[in-house]
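# Architecture at a glance
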Amino acid sequence: MGFQAPSVDIGDYVTAEKSQFDEGVKRVSSLLALYENLQKEGSTRTSKEKRPTDILRAALVLLHSAEEDYFRNILIHWYPLKADPKALSEVSLAGSDGRTSKYTFDRFASFSGKTVDEVISASVREHFSRMSFNSYKDIDSRLKKIGVSLSAFERQADIDTLIQRRHKVVHEVDLVEDKSGGKSRTRPINLAQVRTWMECSMSLVQTIDEQVSAWEKQEIQQSKEISASSDENDCFEGAPNEA
C-alpha cells in the first residue's frame, strides 16, 4: 500500500491577503477607540482649534485603503492562474506604460532569462498595482474575471457610500458648500457611520476570502499528494532487488 497524503483540514484558514487586511482593520479600530475615549472625556466638541471628527475621516480613508490593498493583492495572486485568455489580454506587458498594443522583439530583451510565468506575474502585478476601485461595480466586475462570485453579498449600496465618502474626504477635504451662508463647512460624520462601513467592508472581504481560501486549500492538498507520491517513488527506487 502506497503513501497517502492526509486531507487538508485547516479550520479557520485565512489567506495571507486577508491577514494583511485584518491588520489594517485593527489600525482602523484603534482610531475609532481613540475617538470613543475622547467622547467619554467630553473632548469631541468641534472648535476652531479642535476637529476631533477628523479622526473618523482618517479611519475611513485607512479602511478604504486596506480593502483596496486586499482586492489588488487577490487579483495579483490569482489573475495569472484563474483569468481566461480574454481577461489576460487586457493586461499590458510589464514596463509598457499600460499599452496593450503589439510588441516587437526588442521589447522582450529585458525579460531575457525569465520564464513565461514570471513575465505574466510581473505584468499582472504592475497592472493591478496602479488600479483603483471607484465603485462596487468595479470590485465585482474585476473579481468575476478570476471566478469570484459576490452574489451572496447584499450590501452593495453601503460599499458605494463608503467609497464615495472616502473620495469626498480625499479630494474635497470633506467640505460642502453652505447655501445659506455661502461658506463651506465639513460634512457631518459620526462613529456609528464609520463602524457600519467597517463591518460592511469586513463582510465583503470575508465573502471573497471564503472562496479564495478554498482554492488555496486545494493547492495545499495537491502539493501534499505530489510530495507523498514522490516519497513513495523514492522508497521503491531505494529498495534492494530480490535475487
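Structural notes, computed from the coordinates. (Residues numbered from 1 in each chain as written. Predicted model: local features only at pLDDT ≥ 70, side-chain atom pairs only at ≥ 80, totals over all residues. Heavy atoms only, no water.)

## Brief notes about the overall build of the protein
Each helix and strand counted, the protein has seven helices and two strands in total. Ordering the α and β elements of the protein from the N terminus gives α-α-α-α-α-α-β-β-α. Partitioning the intrachain contacts of the protein with sequence separation of at least 6 by distance along the chain shows that 75% fall at a separation of at least 24. Carbon together with sulfur atoms contributes 49% to the accessible area of the protein, which is approximately 15,100 Å² in total. (Helix = DSSP H or I, 4+ residues; strand = E, 2+ residues; numbered from the N terminus. Contact = heavy atoms within 4.5 Å. Areas by Shrake-Rupley, 256 points an atom, 1.4 Å probe, with all protein chains shown as cover.)

## Notes on unusual backbone geometry
The phi torsion at Val-173 lies on the positive side, around 55°, for a residue other than glycine. Looking at the element boundaries, Val-173 is found in the loop between α6 (156–172) and β1 (175–177). For Asp-174, which is not glycine, the phi dihedral falls at a positive 55°. Tracing the chain through its elements places Asp-174 in the loop between α6 and β1. A relative accessible area of 0% places Asp-174 in the buried class. (Buried < 20%, exposed > 50% of the residue type's maximum accessible area, 1.4 Å probe, protein only.)

## What to know about helix α4 (residues 116–129)
Look at α4: 20 Å from first C-alpha to last across 14 residues, which is about the 20 Å you get at 1.5 Å a residue. Within α4 the residues assigned to the buried category are Val-119, Ser-123, Val-124, His-127 and Phe-128. Looking straight down α4, one finds that the buried residues subtend no more than 150° of arc, so they occupy a single side. Buried residues in α4 make contact with α2 (54–82). (Expected span 1.5 Å × (residues − 1). Arc of directions from axis to C-beta.)

## Observations regarding the nonpolar core
For soluble globular proteins, the rule of thumb is that nonpolar side chains tend to be buried together. By size, the foremost hydrophobic cluster in this structure holds 48 residues, and its most contacted members are Tyr-79, Ile-139, Leu-143, Ile-146, Leu-204 and Ile-208. Elements with a contribution of two residues or more to this core: α1 (16–40), α2, α4, α5 (136–144), α6 and α7 (191–238). It is α2 that contributes the most residues to this core, 14 residues altogether. The residues contacting Tyr-79, other than those within four sequence positions of it, are Ile-74, Ala-87, Leu-88, Glu-90, Val-91, Val-124, Phe-128, Lys-145 and Ile-146. (Core = buried A, V, L, I, M, F, W, Y, C linked by side-chain atoms within 4.5 Å.)

## Looking at the packing of aromatic side chains
Each aromatic ring pair is summarised here by two numbers: the centre-to-centre distance and the angle between the ring planes. A full pass over the atoms with the stated rule returns six aromatic pairs. Aromatic pair Tyr-79 and Phe-128: ring centres 4.8 Å apart, planes at 65°, arrangement edge-to-face. Of the two residues, Tyr-79 is situated in helix α2 and Phe-128 in helix α4; the sequence distance between them amounts to 49 residues. Ring pairing ties together the aromatic residues Phe-21, Tyr-70, Phe-71 and Phe-133, which thus form one cluster. (Phe/Tyr/Trp six-rings, centres within 6.5 Å; stacked < 30°, edge-to-face > 60°.)

## A word on the packing of α2 against α4
Interaxial distance between α2 and α4 falls to 9 Å at its minimum, and their mutual angle equals 155°. By the criterion of interaxial angle, the relationship of α2 to α4 is roughly antiparallel. In this structure, α2 meets α4 at a crossing whose hand is right-handed. Contacts from Arg-72, Leu-75, Ile-76, Tyr-79 and Pro-80 in α2 reach Ile-120, Ser-121, Val-124, Arg-125, Phe-128 and Ser-129 in α4. For the contact of α2 with α4, the class distribution of residues is seven nonpolar, two polar and two charged. (Axes fitted to C-alpha atoms, helices over the stretch in contact; angles between N-to-C directions. Parallel < 35°, antiparallel > 145°, perpendicular 65-115°, else oblique. Left-handed = near helix turned anticlockwise from the far one by under 90°. Nonpolar A, V, L, I, M, F, W, Y, C, P; charged D, E, K, R; others polar.)

## Some thoughts on α6
The end-to-end C-alpha separation of α6 is 23 Å, in line with the 24 Å expected for 17 residues at 1.5 Å each. Among all positions in α6, only Ile-159, Leu-162, Ile-163, Arg-165, Arg-166, His-167 and Val-169 are buried. Backbone geometry just after α6 places Val-173 at a positive phi near 55°.

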